[in-house]
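Remarks on the overall topology
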Amino acid sequence: MKWIATCILVGGTLSIGCAFASEGDRIAQMSEAYRNGTERDRLLICIDAIDKGLICRGCHVGTMDRIFSTRFSTPDGGAKGYDALYKGVVHFRDEDPRPKETGADATSAASPTKGWYLAFRYTENGSIYDYQLSDLSK
């Protein structure tokens, strides 16, 4: 059984606690903190997951599903690129709080995605091929 130190989010800052938890407990704690966190908290949780080896090249995308409450382990055929890899993105920012325009006032141009996100590619068997953290607008 693998044991890792528990990190606690305190006021948006990651603090290492003295308690130890199993990897499953650690992932559950990260998932809860991610659901309740701000964009910055979510970014720090992702960085912590990378530092702890939970997100890495060759790691299974199912671990990311457990942390971020996503469903990349059941790939969508439309997400598969020409390179035979599936693509995924986890946005750390909640939906834009501004109301969306509808009707005649709506613009036809898509608005860019803003905020931090994790973009990654993975194989058909769920193995992460590569990943990037970014805050650039698309």
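Within each chain, residue numbers correspond to sequence positions counted from 1 in written order. For a predicted model such as this one, the threshold for reporting local features is a pLDDT of at least 70, and the threshold for listing and counting side-chain atom pairs is 80 or more; totals across whole chains, interfaces and linings nevertheless cover every residue. Just so you know, side-chain values use all the structure's heavy atoms and leave hydrogens and water out.

Remarks on the packing of helix α1 (residues 23-36) against helix α2 (residues 39-51)
Axes, fitted as lines to C-alpha atoms, cover a helix only where it is in contact. Angles between the N-to-C directions of the axes lie from 0 to 180 degrees. Under the DSSP-based scheme used, a helix requires at least four consecutive residues in state H or I and a strand at least two consecutive residues in state E, with every element numbered from the N terminus. One way to put it is that α1 packs onto α2 with a least axis distance of 9 Å and a crossing angle of 160°. As far as their axial angle goes, α2 and α1 are roughly antiparallel. In terms of crossing hand, the pair formed by α1 and α2 is left-handed. Facing α1, whose interface residues are Arg26, Met30, Ala33, Tyr34 and Arg35, α2 presents Arg42, Ile45, Asp48 and Ala49. Side-chain classes are defined by residue name, with Ala, Val, Leu, Ile, Met, Phe, Trp, Tyr, Cys and Pro counting as nonpolar, Asp, Glu, Lys and Arg as charged, and the others, Gly among them, as polar. Across the contact of α1 with α2, the residue classes tally to five nonpolar, no polar and four charged. By definition in this entry, angles of less than 35 degrees are roughly parallel, angles greater than 145 are roughly antiparallel, angles of 65 to 115 are roughly perpendicular, and the rest are oblique. By the definition used in this description, the sense in which the near helix is turned from the far one sets the handedness, with an anticlockwise turn below a right angle giving left-handed and a clockwise turn giving right-handed. Throughout, a contact is declared for two residues whenever any of their heavy atoms are within 4.5 Å.

A short note on the packing of α1 against helix α3 (residues 61-68)
The contact between α1 and α3 brings their axes to 7 Å, and the two run at 50°. What the angle tells us is that α1 and α3 run oblique. Along its contact with α1, which presents Gly24, Ile27, Met30, Ser31 and Tyr34, the element α3 presents Thr63, Arg66, Ile67 and Phe68. In terms of residue class, the contact of α1 with α3 is built from five nonpolar, three polar and one charged.

Structural notes on the pairing of strand β5 (residues 128-134)
Where strand β4 (residues 117-122) meets β5, six bridges bridge the pair, whose relative direction is antiparallel. When the sheet's bridge partners are listed, leucine 118 is paired in β5 with leucine 133. DSSP calls a pair of strands paired once it identifies at least 2 bridges connecting them. The antiparallel hairpin formed by β4 and β5 contains five residues in its connecting segment, where glycine 126 sits at a positive phi of about 90°.

Some details on the pairing of β4
Within β4, five of the six residues are buried, which leaves the element mostly enclosed by the surrounding structure. Judged from the six bridges that link them, strand β3 (residues 86-91) and β4 form a sheet pairing that is antiparallel. Looking across to β4, one finds that glycine 88 is bridged to phenylalanine 120. The rule is simple: take the accessible area with a 1.4 Å probe, protein chains only, and divide by the maximum for that residue type; under 20% is buried, over 50% is exposed, in between is partly exposed.

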